[in-house]
Amino acid sequence: MSVRIITDSASDILPGEHEGLVVLPLSVSFGEKNYSDGVDLSHERFYELLVEGDELPRTGQVNPYAFIQAFEEAYAAGDDVVCVTLSSALSGTNQSAITAAAEAKVVVRVVDSMSVCVGERVLVEYALHLAAEGLTAVQIADELTAARSRICVVGLLDTLEYLRRGGRIGAAAAGVGSLLSVKPVITVENGAVKLLGQARGSKNGRNLLNQQVMAAGGINFDMPVALAYAGLSDKLLRKYIDDSRGIWEAGFPEGDLPVHTVGATIGTHVGPGAVALAFFKA
């Protein structure tokens, strides 16, 4: 019996990106207009609406019914299921999956990625690799649960504006930070987003990212790796890659790094210009 991998759009994996992978969309609302993340709202269109609007959008969890439908489709195809969700500390999507799994006719193992965005992505890509190797749903879920603690996620924000608009920091702090060109560096720890530090200027911010890579013991290039940028241009990410070529040449000597885009779940809070990377510790 084959194993079907199911995830949610907070992984920022687009539908059809990986053959056989099912991606269930979170909802994104701009005012009274509702969208399905990655379905009728592309990452590009999301940032166009984000910078045009005065109010931040709202994101909503995947509901149990969507998971029930996905599990029923797997049952009809004769597949067991491993469902990888974004962190339970950030969304009720994980609980929706657990609720639906209790009613499923097929074997379903729900794995809390304890991450989001690129961190969730690399765990899903590892799940796809294990499924292709022929492991059972139980074996895959156990391996993912063991491996998730080895994932390191770091991100560099270009602006404090969206943290201010979301109420994460005060207006005065945002104003001073912008004046001093402060670039916050964030991570995901115990399933929640955490501020690692703040750097003066983009160059110092990129250096702080590299310090976190070194502090983690380096990158395991035998496992999935992901980089991503928020917004309509990858200019800042390309600058980071160029400045950090020594880190990446060992794993990607041809320069073909896995670059993706940050979607609505995290993009709502970090705004355009942010860059992020996720890897398994060496």
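All of the points below concern the structure found in this document.

Rules and cut-offs
Residues numbered from 1 in each chain as written. Predicted model: local features only at pLDDT ≥ 70, side-chain atom pairs only at ≥ 80, totals over all residues. Heavy atoms only, no water. 1 Å grid on protein atoms, 1.4 Å probe; cavity = no way out; pocket = protein on both sides within 12 Å on 5 of 7 lines; lining within 4 Å. Points joined across faces, edges and corners; volume = space filled by probe spheres on them. Nonpolar A, V, L, I, M, F, W, Y, C, P; charged D, E, K, R; others polar. Pairing = 2+ DSSP bridges. Helix = DSSP H or I, 4+ residues; strand = E, 2+ residues; numbered from the N terminus. Axes fitted to C-alpha atoms, helices over the stretch in contact; angles between N-to-C directions. Contact = heavy atoms within 4.5 Å.

## What to know about empty space enclosed by the protein
Turning to step 1, where the next piece is worked out: Applying the stated criterion across every chain yields a total of two cavities of 30 Å³ or more.
Turning to step 2, where the next piece is worked out: Taken together, Leu156, Leu157, Asp158, Lys183, Ser202, Arg206, Leu236, Gly273 and Val275 make up the full set of residues lining the largest cavity.
Turning to step 3, where the next piece is worked out: Of the residues assigned to the lining of the largest cavity, the class counts are four nonpolar, two polar and three charged.
Turning to step 4, where the next piece is worked out: Approximately 30 Å³ is the volume found for the second largest cavity.
Turning to step 5, where the next piece is worked out: Around the second largest cavity, the lining residues are Ser9, Asp12, Ile13, Leu14, Pro15, Val23, Asp37, Gly38 and His43.

## A few points about the sheet that holds strand 7 (residues 108–112)
Turning to step 1, where the next piece is worked out: Spatially, the four strands line up as an open sheet ordered 2-1-6-7, and their pairing is parallel. Pairing within the sheet leaves two strands with one partner each, and these edge strands are strand 2 (22–24) and strand 7. Sheet twist, expressed as the average angle between the axes of neighbouring strands with direction ignored, equals 20 degrees.
Turning to step 2, where the next piece is worked out: Two elements, strand 1 (residues 3–8) and strand 2, share three bridges in a ladder whose sense is parallel. Across the sheet, Asp8 pairs through a bridge with Leu24, a residue of strand 2.
Turning to step 3, where the next piece is worked out: Across the face of the sheet, helix 2 (residues 64–77) comes into contact with strand 1, strand 2, strand 6 (80–85) and strand 7 while running at roughly 165 degrees to strand 1.
Turning to step 4, where the next piece is worked out: Relative to strand 6, helix 5 (residues 137–147) is tilted by about 20 degrees, and along the sheet it contacts strand 1, strand 6 and strand 7.

## Concerning the environment of Ala127
Turning to step 1, where the next piece is worked out: Along the polypeptide, Ala127 turns up in helix 4 (residues 118–132).
Turning to step 2, where the next piece is worked out: Between the C-alpha atom of Ala127 and that of Glu143, which follows or precedes it by 16 residues, the distance is 8.6 Å.
Turning to step 3, where the next piece is worked out: Leave out the neighbours within four places in its chain, and Ala127 touches Ile5, Ile140 and Leu144.

## Brief notes about the sheet that holds strand 12 (residues 259–261)
Turning to step 1, where the next piece is worked out: Taken in spatial order, the six strands of this open sheet run 10-9-8-13-11-12, and their pairing is mixed. Each edge of the open sheet carries a strand with a single partner, namely strand 10 (192–200) and strand 12. When the angles between neighbouring strand axes are averaged without regard to direction, this sheet yields 25 degrees.
Turning to step 2, where the next piece is worked out: Two elements, strand 9 (residues 182–189) and strand 10, share eight bridges in a ladder whose sense is antiparallel. Across the sheet, Val182 pairs through a bridge with Arg200, a residue of strand 10.
Turning to step 3, where the next piece is worked out: Contacts from helix 8 (residues 202–215) reach strand 8 (151–156), strand 9, strand 10 and strand 13 (275–280) within the one sheet, and its direction differs from that of strand 8 by about 175 degrees.

None of the figures reported here should be taken as evidence of function without further support.
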